[in-house]
Amino acid sequence: LQRTILNNLNEKKELNLKKIAIGYNTNLDLIVKAIDLFNEFGFTVPEFVKNNEKINNFEELKQTFGYYFQLGIATERHVDNKVVFDQLIDTIFKATKANRIYSELKIGGNAALMANYLAQSNISVILG
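Below is a summary of the structure that appears in this document. Nothing here was measured: the structure is a model prediction, and the numbers come from that model. (Residues numbered from 1 in each chain as written. Predicted model: local features only at pLDDT ≥ 70, side-chain atom pairs only at ≥ 80, totals over all residues. Heavy atoms only, no water.)

1. Brief notes about the packing of aromatic side chains
The description of two aromatic rings rests on the distance between their centres and on the angle between their planes.
No. 1: According to the stated counting rule, one finds seven aromatic pairs in the structure shown.
No. 2: Ring geometry for Phe38 versus Phe43: centroids 5.1 Å apart, planes at 80°, classification edge-to-face.
No. 3: What makes Phe38 buried here is its relative accessible area of 16%.
No. 4: An aromatic cluster is defined as three or more aromatic residues linked by ring pairs; in this entry it consists of Phe38, Phe41, Phe43, Phe58, Phe65 and Phe69. (Phe/Tyr/Trp six-rings, centres within 6.5 Å; stacked < 30°, edge-to-face > 60°. Buried < 20%, exposed > 50% of the residue type's maximum accessible area, 1.4 Å probe, protein only.)

2. Concerning the environment of Leu113
No. 1: By the secondary structure assignment, Leu113 is in helix 6 (residues 110-119).
No. 2: Leu113 sits 86 residues away from Asn27 along the chain, and the two C-alpha atoms are 9.9 Å apart. (Helix = DSSP H or I, 4+ residues; strand = E, 2+ residues; numbered from the N terminus.)

Laid out in C-alpha cells, this is it:
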C-alpha cells in the first residue's frame, strides 16, 4: 500500500489526485523516560524479568520493561487493566504539571504517520 501511495504521489499531476483515505491504526503516544516514571511510582527492581503479552498490574509492567531493557530493544504492550492504565496516565500528567518529569505527546500509528506525510505534500487526507 505504501509503495502504491508513493507511486501515486509521484504521478499525482497525471492522476489529478486530490483526496486519499487511509484506514489503519492511529494513536497518540505518550513519551516519558522510564527511569523518571519508575522513580515517580517508587518502583523497585522486580524479582525476575518476563515477557508479558499484556500488562495487568505494575509488577508485570516492571517485569516486561526489565525483560526488553536487558535485551536493549523496544516493545509495545497493551495495558489491559483500566485502573492501572488510568493511574499511569494520571501520574504522568500530574508529575509533568509539577515539573517532576518531562512527557511528550506525539501522533503514532501507521495511518497517522502516512497521513502526516501526505498532508505535507498538499494532499487532503481522510482517516478512517
